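Secondary and tertiary structure notes
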Amino acid sequence: MTLGAQHAAAPAAHAAPLSTARAVAQPARGNVVIEWNRTLLDIVRSPHAEPSTIHPTRNFAIMSAAVYDAVNAISRAHPLYGPSLTAPRDASRPAAAAAAAHDTLTALYPAHKADLDRQLSSDLAGIPDGRAKQEGVKVGTQAARAILALRAHDGADATPPRYATTGKPGDYRSTPPAFKAPEFTHWGKVTPFLLRTGHQFRPAAPPPLRSRAYATAINEVKAIGAARSLTRTAEQTTLAKLWGGPAQNYWYDVAQQVALARHSDIDRSADMFALLNLTLADATIGIYDAKYRYRFWRPITAIRLAAGNPRVRRDPTWTPLVTTPPDPSYPGMHSDISTAAATVLARFYGDRNTFTLTSPATAGGPSPYTKPYASLSATATEAGLSRIWGGVHTRLDHKAGNELGAAIARYALGQSKLAPAVPSSPTGKTPAGRASPAGATFANATVAVRDSKLGKILVDGQGRTLYLFVADKGTSSTCYDACARAWPPLTTTGKPQAGSGVSPALLGTTARTDHTTQVTYNGHPLYYFVTDVKPGDITGQGVDSFGAKWYVLDPKGNKIETG
């Protein structure tokens, strides 16, 4: 049974839409999962809530994963996302969820600790004192600590590399009026929450500048997305402004409204928000991977310069209706995030739900506009198109964003369990006839050398490729839990043996904190990669996972960076 089937038995597609018009203004009615998601949304909407280099989708995913694990450690309805936790079945799930949310948010937003402490106290005051509440708080605290540790070295805190345009036609450069430096240049390399890599579903490159498809897309946005467009309708103008904020914030709001209206209990809410928020976090990683892979310029640049295609006429004063975001154009963020969110929510609640969205308030701007909706999929489509109407994306961006968001959501819904960034084989199946090396310990592990397309590399006694992890310092391993499931360590109960081509003097061992002994070579702890199907496979070469890269080793124990 897939995770989508386990977690999200959708109502019939023809069911009447369920109104949330009254639910949105009501409190969460004791559902602490919805309440804490609403609290986090309020935090990220406040000015300077977090460093500008940390994308908020990561923190929603961290909180939701901790809440999910805390609740399921008690209910045991689903396998946990992170490390194993145990709790009595009669422990309080509301106390567990509240404690998990509180502890993750106080760690991520220490400036808000006083308010978060008051909210936790209020939640716990409504739960009868006793062992059940104590055990719930205990497991919630443990879940938060485990997920925070799991994401401690995921690459989110890396210094974003400076972006430099080549100046060539098609290459992104900063846009007026502020000419801000490109944002989140490092985010495509952050370790995903569910995907194997940030580029797992990277879309194909955009059409070349000389193509008719490119000219058609630019000329469309040139006409309809201009500040004083003569072809854009009044409704399209309003909707372009309505969708002017960060795409994910709208969908967090939609999820809260729909979950309340559907009377989702704490278990279902924990499941839904975990799957939604992990998916949106990965959709964000995937979009930035693609944006900075293709570095495609924004419509304002393409129209003002009009280089590379004679079908596009230059307009040096052209200005879009809404301000252009500071990152490359292709693919479209709103299309990616919205399609991913709508796909996940529809699996839980069906496509037809009514809810409302309100445009962001701006100082000195028009009064916020509120619009009702009745379909998740139609809302996602409108979100993507609004960026064409606003003049900041083309239809090419919209299409690629839709495809990326849909692929990531389908992948998330198709998993048998929520599991952190654990790669699977290319077919998605366990290779026939070979057990995974995970958990296997040899009495006298052998390290040998074999030929590969990268030259001579280190392998185990059965010819399976071995890797080093750049994040390891000295002989100590930093790879545990989810990391060790993706990159199982080569462990031994005796003295490691030198096979053909290996220097015995370079072989050694290191004690792991899980009480096993890992083989080292030239001071590097050695690992497998679960995607390697047969001896000699090197699918882990150069993979950026769990905060750093992984490489095969040469016979001298040095990393091989080619390939």
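Scroll up for the structure.
Residues numbered from 1 in each chain as written. Predicted model: local features only at pLDDT ≥ 70, side-chain atom pairs only at ≥ 80, totals over all residues. Heavy atoms only, no water.

Let's shift gears to the packing of helix 2 (residues 32-45) against helix 10 (residues 266-294). At their nearest, the axes of helix 2 and helix 10 sit 8 Å apart, and the two run at 35° to each other. Contacts from Val 32, Val 33, Ile 34 and Asn 37 in helix 2 reach Ile 266, Ser 269, Ala 270, Phe 273 and Asn 277 in helix 10. Classifying every residue of the contact of helix 2 with helix 10 gives 6 nonpolar, 3 polar and no charged. (Axes fitted to C-alpha atoms, helices over the stretch in contact; angles between N-to-C directions. Helix = DSSP H or I, 4+ residues; strand = E, 2+ residues; numbered from the N terminus. Contact = heavy atoms within 4.5 Å. Nonpolar A, V, L, I, M, F, W, Y, C, P; charged D, E, K, R; others polar.)

The next point concerns the side chain of Arg 298. Relative to the helices and strands, Arg 298 resides in the loop between helix 10 and helix 11 (299-305). A distance of 3.3 Å separates the side chain of Arg 298 from the side chain of His 393, its partner in a polar contact. Once residues within four sequence positions are removed from consideration, Arg 298 is found in contact with Tyr 172, Thr 175, Lys 291, Thr 324, Pro 325, Asp 327, Pro 328, Ser 329, Val 392 and His 393. (Polar contact = N/O pair within 3.5 Å; in protein donor to acceptor, adjacent residues only side chain to side chain.)

With that settled, the discussion passes to the sheet that holds strand 9 (residues 497-498). Strand pairing within a sheet occurs via backbone hydrogen bonds; the two strands may be parallel or antiparallel. Taken in spatial order, the 3 strands make up an open sheet running 6-5-9, and their pairing is mixed. The open sheet has two edge strands, strand 6 (455-460) and strand 9, and neither has a second partner. Note that strand 5 (residues 446-452) and strand 9 share 2 bridges and pair parallel. Within strand 9, the residue paired with Val 447 across the bridge is Ala 498. (Pairing = 2+ DSSP bridges.)

With that settled, consider the packing of helix 9 (residues 247-261) against helix 12 (residues 333-349). In contact at an axis separation of 9 Å, helix 9 and helix 12 are set at 15° when each is read in the N-to-C sense. When the interaxial angle is binned, helix 9 and helix 12 end up roughly parallel. Between helix 9 and helix 12 lies a crossing whose hand is right-handed. Within the contact between the two elements, helix 9 uses Ala 247, Gln 248, Trp 251, Val 254, Ala 255, Val 258 and Ala 259 and helix 12 uses His 334, Ile 337, Ser 338, Ala 341, Ala 342, Leu 345 and Tyr 349. Residue classes in the contact of helix 9 with helix 12 are distributed as 11 nonpolar, 3 polar and no charged. (Parallel < 35°, antiparallel > 145°, perpendicular 65-115°, else oblique. Left-handed = near helix turned anticlockwise from the far one by under 90°.)

Any two side chains of opposite charge can pair, on the condition that their charged atoms come close. Counting across every chain of the model gives 17 salt bridges. Linking Arg 202 and Asp 289 is a salt bridge whose minimum nitrogen-to-oxygen distance equals 2.8 Å. Of the two residues, Arg 202 sits in the loop between helix 6 (131-150) and helix 7 (212-224) while Asp 289 sits in helix 10, which places them 87 residues apart along the sequence. Classification of Asp 289 by relative accessible area gives buried; the value is 11%. (Salt bridge = Lys/Arg side-chain N within 4 Å of Asp/Glu carboxyl O. Buried < 20%, exposed > 50% of the residue type's maximum accessible area, 1.4 Å probe, protein only.)

Moving on to the sheet that holds strand 14 (residues 548-552). Here we have 3 strands laid out as an open sheet, ordered 7-14-13, and antiparallel in their pairing. Strands with a single pairing partner mark the edges of an open sheet, and in this sheet they are strand 7 (467-469) and strand 13 (544-545). Summarising the sheet, strand 7 and strand 14 pair through 3 bridges and their orientation is antiparallel. In the strand pairing of strand 14, Leu 468 is matched with Tyr 551.

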